[in-house]
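A look at the structure
Listed below are the residues making up each chain.
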Amino acid sequence: MRIALFITCVNDTLFPDTGRAVVRLLERLGHEVVFPEDQTCCGQMHYNTGYRRPATRLAVRFVKTFEGADAVVVPSGSCAAMIRDNYPRLGAGGSRLSRKVAGLAPRVYDLTEFLVDVLGVTDVGAYYPHKVAYHPTCHGLRMLGLGDRPYRLLRAVRGLELVELEGATECCGFGGTFAVKNGDVSSAMGADKARHAVETGAEVLCAVDNSCLMHIGGILSRQRSGMRVAHIAEILASTEKGGSAGPAPDDAPAAKEAVTR
Amino acid sequence: MSATFLGIPPFPEAARAAVDDSRTRHNLRRATHTIRDKRASVVGELNDDWQLLRAEGAAVKEHTLRHLDRYLEQLEESVTRAGGRVHWAADAEEANAIVTRLVKATGETDVVKVKSMATQEIELNNALAEAGITAYETDLAELIVQLGDDLPSHILVPAIHLGRAQIREIFLDQMAEWGTPAPPGLTDDPRALAEAARLHLRERFLRTRTAISGANFAVADSGTLVVLESEGNGRMCLTLPQTLISVVGIEKIVPTWSDLEVFMQLLPRSSTGERMNPYTSTWTGVTPGDGPQEFHLVLLDNGRTDVLADTVGRQALRCIRCSACLNTCPVYERTGGHAYGSVYPGPIGAILTPQLRGMSSAVDEALPYASSLCGACYEVCPVAIDIPEVLVHLREEVSAGRGHLGEKALMAGAEAVFSSSRALGAAQRAAGLGRNLVPGHLPGTAGEWTDTRDVPDVPAESFRSWWNKRGKGQR
Ligand code: SF4
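Residue positions within a chain follow its written sequence, with the count starting from 1. Working convention: letters from A go to chains and numbers from 1 go to ligands, in the order in which they are written. Thresholds applied to this predicted model are a pLDDT of at least 70 for local features of residues and 80 or more for the giving and counting of side-chain atom pairs; totals over whole chains, interfaces and linings are not thresholded and use all residues. Where side-chain values are given, they derive from all heavy atoms of the structure, hydrogens and water being excluded.

**Comments concerning the confidence of the model for chain B**
Predictor confidence is given residue by residue as pLDDT, running from a minimum of 0 to a maximum of 100. The predicted model of chain B has a mean per-residue pLDDT of 94, with 99% of residues at 70 or higher. If you check the scores for this complex, the pTM reads 0.94 and the ipTM reads 0.92.

As structure tokens, this is what we get:
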């Protein structure tokens, strides 16, 4: 299957390891990944902050870039939710945009959905000998309805010990511009999430969204908690031979953490 | 009687103080989690039926709001036919004037009150006080707030921010000022506190001849008013006095008596986490020889017709004030209700207050942002109000206004970067080059991030740059 990757602007700029992991994972499963070069940003930040017109222009751009794709895979629950849940609210009923969105949105998937529902796999052949907790991010949980898919994928990973996170369904407090507009409340929420994460005794906290992880991870790091965050794609891409997070061996130079050799 | 929400700063500032208040944080965490869990268990036992009920509740409310003009006239007719009198109040001032006039006509200077959001909204107690009339709150939590000269911080449990030790102190200090004093050896045992309140109130119920209430529902076809409560104190007020005055928002209508079936299931489970409501009082006009012999219904607009005109925002008027959204909200749990600067706190307050008040102040403009858009409120709302959708909609209204220049510039800058993959690539290369220059503590708004969180390392190379190189290597 030919899969169009929408990397998202945050992953593209700040978390390229996640993108490399998605590519490696999907190719390992025998699929071709393409990266439509015109892609930039889904417009979520603009939309959620109340800037509807720029968000609409970015939606138009997204649709133009991806309309020919059989399937669009997004390693970010909230960006996938932006496209599937919020794009339909952008165009006026019957407009060109709304017609095109109606056609494209059902083919847009969060990575974990795509693996379980479209490719029909839960065991992706990964190896990750670490104790891991999973944080279900709000948009993945409530807008996309990811349900137990991420857990099923993680449980099938060899060597991985999955532990339960208390208060899992509670928001971590990131919320995009909320994190700076209401920094104190955001931090208070994040502090509780980080505390629950540390209390699991896990080494790694994972999620389907790097923006939430950037927030929780930023707190864990500030606390010198000794716990680290990882996008679920990086866990699912790890193999005994290939190492875990980070690029495959042949594209090594940017490797930041080679964790599981 | 001086407590008022006026003067509370905009949400981010009010919240800053609130998150530092360890006592309130502790009380709120306990209370919201208890009621949240209780709700989840009684909603869970209905399985799929819950979603059907929820859809039905939303549909009934939506239909009523669409035809509100018709149902309001029908309600007026039925109430009048049953011996009640209907008054129309365009705003708080008018409503307060009507109620004050009606109370004065009875010759009384004391009234008992059933807990009511509408009368809180119009600050009726303050208006009555100015006219020399004392309103006595009879709901336990509302009584605590009144005795403590405090402000309500929750729709259902106005004193949720207080712990029982604080309540004991308030009772000991203040009850004597208002009537029957607290027993001298009062402990903070919840039963002892409830007993003290019971003794304090009982005497009041027997003496007072005029009562003021709100209503959870007003049935258009029969003219019946409905109040749900848990203590029985409301029923005392609704049955013992001679005169009853009910102040009710125009959105509280349901078309028919049988529509109540849906809400009698939705409301208790969502609000107190009970299968059935303990005290449900209904009355239709006046009944000779039984209950109040004079009944006035004051129908309150106070901004509601303006809300109706907004096709996205008007779903907020479906609200049945169950408070499930407050109890589940992670923001509310950490700030409490006062930070919202209105009698309607939490997620519903964040969408209702600015709409009712017409986005008229910095407090109103900050409210739509008092949410991480996590969607937990929408998930639990028994009438399926898409609160995140309305929050975003109201943010659009704020950002379209004057001001917010810094943010507008930032958003325009971001759009410019995202307007082409070339621009984005260039920005990424610049970020990559400057990656070691990012300080651990950033100035200005960005400092809101770095005050409590480390910033991630900026990678030397973006994904797209890696992809392009890889492509060249492979092909
Ligand atoms: S908005 Fe919904 S959940 Fe919140 S109080 Fe109103 S009815 Fe209840």
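Now that the structure has been shown, we can carry on.
**A short note on the pattern of salt bridges**
Think of a salt bridge as a Lys or Arg side-chain nitrogen and an Asp or Glu carboxyl oxygen that are within 4 Å of each other. According to the stated counting rule, one finds 41 salt bridges over all chains in the structure shown. When the shortest N-O distance is used, the salt bridge between R16 of chain B and E448 of chain B registers 4.0 Å. Within this pair, whereas R16 of chain B is found in helix 1 (residues 11-19), its partner E448 of chain B is found in helix 22 (residues 447-450), the two being separated by 432 residues in sequence. Buried, partly exposed and exposed residues are distinguished by accessible area as a fraction of the type maximum, computed with a 1.4 Å probe on protein chains only: under 20%, between the cut-offs, and over 50%, respectively. The partly exposed category is assigned to R16 of chain B, whose relative accessible area is 36%. Taking relative accessible area as the criterion, E448 of chain B reaches 23% and is therefore assigned partly exposed. One network of salt bridges, with partners in common, ties together E170, D192, R195 and E199 of chain A together with R36, E333 and R334 of chain B. Starting at the N terminus, helices and strands are each numbered in turn, a helix being any DSSP run of H or I of at least four residues and a strand any DSSP run of E of at least two.

**A word on the sheet that holds strand 5 (residues 131-134) of chain A**
Remark on secondary structure: sheet strands pair via backbone hydrogen bonds, oriented parallel or antiparallel. Residue and element names in this part refer to chain A. Here we have four strands laid out as an open sheet, ordered 6-5-7-8, and parallel in their pairing. Looking at which strands have only one partner, the edges of the open sheet turn out to be strand 6 (161-163) and strand 8 (228-231). Within the sheet, the average angular offset between the axes of one strand and its neighbour, ignoring direction, is 35°. We call two strands paired when DSSP finds no fewer than two bridges between them. In this analysis, axes come from line fits to C-alpha atoms, helices being fitted only over the stretch in contact, and the angle between any two N-to-C directions falls in the range 0 to 180 degrees.

**Overview of the domain arrangement of chain A**
Residue and element names in this part refer to chain A. Domain start and stop positions are those given by an automatic or database domain assignment. Assigned domains within chain A: domain 1 (2-118) and domain 2 (131-260). One C-alpha centre belongs to domain 1, the other to domain 2, and the line joining them spans 21 Å. Here a residue-residue contact requires only that any non-hydrogen atoms of the pair lie within 4.5 Å. Listed per partner, the contact involves 31 residues of domain 1 and 31 residues of domain 2. When the two sides are added together, the surface that domain 1 and domain 2 hide from each other amounts to roughly 2500 Å², 62% of it contributed by carbon and sulfur. Here's the idea: put two parts together, see how much 1.4 Å probe accessible area each one loses, and the total over both is what we call buried area. The largest share of the area that domain 1 buries against domain 2 comes from D17, R24 and T112, three residues that together contribute 23% of it. At the junction of domain 1 with domain 2, the criterion picks out one salt bridge. For the purposes of these results, a polar contact is taken to be a pair of N or O atoms within 3.5 Å, where, inside protein, one atom must be able to donate a hydrogen and its partner to accept one; residues adjacent in sequence count only when each atom of the pair is a side-chain atom. The interface formed by domain 1 and domain 2 holds twelve residue pairs in polar contact (both at pLDDT 80 or more) in total.

**Things to note about the UniProt feature "domain: Cysteine-rich" (unreviewed entry) in chain A**
Here, the residues flagged by UniProt with the feature "domain: Cysteine-rich" (unreviewed entry) are residues 3-84 and 132-216 of chain A. This span, residues 3-84 of chain A, is 59% helix and 12% strand, and a straight line between its end C-alpha atoms measures 17 Å. UniProt positions are given in the numbering used here, feature names are shortened, and annotations may be inferred rather than shown by experiment.

**Re the pairing of strand 6 (residues 224-229) of chain B**
Residue and element names in this part refer to chain B. Strand 6 sits mainly inside the fold: six of its six residues count as buried. Every second residue of strand 6 is oriented toward a common face, with T224, V226 and L228 on one face and L225, V227 and E229 on the other, all of them buried. Two elements, strand 5 (residues 217-219) and strand 6, share two bridges in a ladder whose sense is antiparallel. The residue bridging A218 from the neighbouring strand is L225, located in strand 6. Connecting strand 5 to the next strand, strand 6, in antiparallel fashion are four residues, including G223 with a positive phi near 80°.

**Considering the site of the ligand**
Only heavy atoms are used to decide nearness, and a residue is near a molecule or strand if one of them lies within 4 Å of it. Neighbouring the ligand are the residues C319, I320, R321, C322, S323, C325, I348, C381, P382, V383, I385 and I387 of chain B. For the shell around the ligand, a count of residues per class yields ten nonpolar, one polar and one charged. Note that Gly is not counted as nonpolar here; it falls among the polar residues with everything else outside the nonpolar set of Ala, Val, Leu, Ile, Met, Phe, Trp, Tyr, Cys and Pro and the charged set of Asp, Glu, Lys and Arg.

**Observations regarding the interface of chain A and chain B**
How large an interface is tends to be reported as the accessible area lost when its parts come together. Contacts between chain A and chain B engage 63 residues on the former and 62 residues on the latter. Carbon and sulfur atoms make up 56% of the area that chain A and chain B hide from each other, which totals about 5500 Å². Among the salt bridges present, the one from E170 of chain A reaches R36 of chain B, with a minimum N-O distance of 3.1 Å. At the surface where chain A touches chain B, the tally comes to 39 residue pairs in polar contact (both at pLDDT 80 or more). Broken down by element, the residue count for the side of chain A that touches chain B peaks at eight residues, all from helix 11 (residues 183-199) of chain A. Residues of the side of chain A that touches chain B, tallied by class, amount to 27 nonpolar, 18 polar and 18 charged.

**Observations concerning the packing of aromatic side chains**
In this scheme Phe, Tyr and Trp rings, the latter by its six-membered ring, pair at centre separations within 6.5 Å, and the angle between planes marks the pair as stacked below 30 degrees, edge-to-face above 60, and tilted otherwise. Enumeration over the complete set of coordinates arrives at 17 aromatic pairs over all chains. With 5.9 Å between their ring centres and 85° between their planes, Y136 of chain B and W178 of chain B make a pair best called edge-to-face. Within this pair, whereas Y136 of chain B is found in strand 3 (residues 134-137), its partner W178 of chain B is found in helix 9 (residues 164-178), the two being separated by 42 residues in sequence. Neither residue differs from the other here; Y136 of chain B and W178 of chain B are each classed as buried. Three or more aromatic residues joined by ring pairs make a cluster, and in this case those are F6, F62, F66 and Y87 of chain A. Over the ring of F263 of chain B we find K61 of chain B, and its NZ or CZ is 5.8 Å from the ring centre. Lying over the aromatic face of Y71 of chain B, R70 of chain B brings its terminal NZ or CZ to 5.0 Å of the ring centre. Charge-over-ring contacts are defined here by two conditions on Lys NZ or Arg CZ: a distance within 6 Å of the ring centre and an angle within 35 degrees of the ring normal.

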